[in-house]
Amino acid sequence: MDHQGEFRRAALELGIPDDEIDRFCRHLRLAIGLSGRGDGAPVGHIGGSPRLPVGMEWPSAGGVPLPLLLSVDCGALPRVDGFDLPVDGTLLFFVHQEKDFSESRADPGRYSRVVYVPDGTETAVAEPPGPACVGERIDVCAELRADLPLWLEEGDEDEDWHEFWEDLEWDDMSAFQQRLARYMERELPHLDELRSLAHGLWPSGAHLVIGGYADDEATIGGITAKTLAGGGWLSYLDEDALRLASEWIPLANEGGVYAEYYTKFVIRHDDLAAARWDKALTVTIFDAP
């Protein structure tokens, strides 16, 4: 489906200039929301037991079995331009969330695995090495959602980055932040209408998302610390943080809704296109109720 064309036609009907629509569309990404409450056919499942290639051992790290977080049928997902997921086969996401949270700074990604099983592979339902490796199975359906970079999102009162942006005085902004503010004011005067239109066309509120942008928790709290030379920690709306959020894409972005631990799998665009699944990073967050 021509999603860009659908959006453009709707924006033109609102009287928004064509060149401004072009500028907004450069930043707009469509993501795939996964939810157990959808009406469509299941595209995968959270928890449960995976189908692994015959003879393959259950993924582990240092003798520690890794629980299955998600299994998704790539061929059943809606296609999204610019997102190089495999057109078929199954992606399996394994992570030991407690260990990933506590030890991944020292050894990023050690306690997680992304396994791709091509179509045509002989598989069998894997026997779990322990009950902790198999959570309750929840079948999930897919729907599209609009996603924008952090600095273009509207935010709400509960989002610290939004308060940070709104409360900044001009003289307190960095040169980069001033450029962002000028860009939004001069080049996107209909930003509110464009943003509302995108979220109206693709409004998924699913807590588990494939694609889109790496969010502030993944970028600020994880990718920067794991990828910058010598480590590092960036502030909200820092130029390098927003660049990284654009370069990386969520493979499975779990929100903190139902559990104390939740995990975000992210990968660079070029590694995704080359199917280098071992290059994926995980960021696990602990959010005690």
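From a predicted model like this one, the values you see are computed outputs, not experimental measurements.

Let's talk about the packing of helix 1 (residues 3-13) against helix 6 (residues 191-201)
For the pair helix 1 and helix 6, interaxial distance at closest approach is 11 Å and the crossing angle is 130 degrees. Taken together, the axes of helix 1 and helix 6 lie oblique to each other. The hand of the helix 1/helix 6 crossing is right-handed. Listed contacts from helix 6 to Glu6, Phe7, Ala10 and Ala11 of helix 1 are Leu194, Leu197, Ala198 and Leu201. Split by residue class, the contact of helix 1 with helix 6 holds 7 nonpolar, no polar and 1 charged.

Looking at unusual backbone geometry
Phi is positive for Ala275, which is not a glycine, with a value near 55 degrees. Mapped onto the elements, Ala275 comes out in the loop between helix 9 (269-273) and strand 14 (281-286).

Regarding the nonpolar core
Note on soluble globular proteins: their nonpolar side chains tend to be buried together. One finds Phe7, Phe24, Leu34, Leu85, Phe93 and Leu251 to be the most contacted residues of the largest nonpolar core, which totals 52 residues. The dominant element in this core, judged by the number of residues it contributes, is helix 6, at 4 residues. With 13 residues, the next largest nonpolar core counts Leu66, Val115, Ala126 and Cys133 among its residues.

Regarding the confidence of the model for the protein
Residues of the protein with pLDDT of at least 70 account for 83%, and the chain-wide mean is 85. Considering only residues more than four positions removed or in separate chains, one finds that residues 156-163, a stretch of pLDDT under 50, has 10 contacts. Across residues 229-234 the pLDDT falls below 50, and counting only partners more than four positions away or on other chains, this stretch makes 14 contacts in the model.

A short note on the packing of helix 1 against helix 2 (residues 18-25)
The interhelical angle for the contact between helix 1 and helix 2, taken along N-to-C directions, is 140 degrees, at an axis separation of 10 Å. If you check the angle between helix 1 and helix 2, you find them oblique. The interaxial crossing formed by helix 1 with helix 2 has right-handed handedness. Between helix 1 and helix 2, the residues in contact are Gln4, Phe7, Arg8, Ala11 and Leu12 and Asp18, Ile21, Asp22, Phe24 and Cys25, respectively. For the contact of helix 1 with helix 2, the residue count by class is 6 nonpolar, 1 polar and 3 charged.

What counts, and at which threshold
Residues numbered from 1 in each chain as written. Predicted model: local features only at pLDDT ≥ 70, side-chain atom pairs only at ≥ 80, totals over all residues. Heavy atoms only, no water. Axes fitted to C-alpha atoms, helices over the stretch in contact; angles between N-to-C directions. Helix = DSSP H or I, 4+ residues; strand = E, 2+ residues; numbered from the N terminus. Parallel < 35°, antiparallel > 145°, perpendicular 65-115°, else oblique. Left-handed = near helix turned anticlockwise from the far one by under 90°. Contact = heavy atoms within 4.5 Å. Nonpolar A, V, L, I, M, F, W, Y, C, P; charged D, E, K, R; others polar. Core = buried A, V, L, I, M, F, W, Y, C linked by side-chain atoms within 4.5 Å. Buried < 20%, exposed > 50% of the residue type's maximum accessible area, 1.4 Å probe, protein only. pLDDT = per-residue confidence, 0-100.

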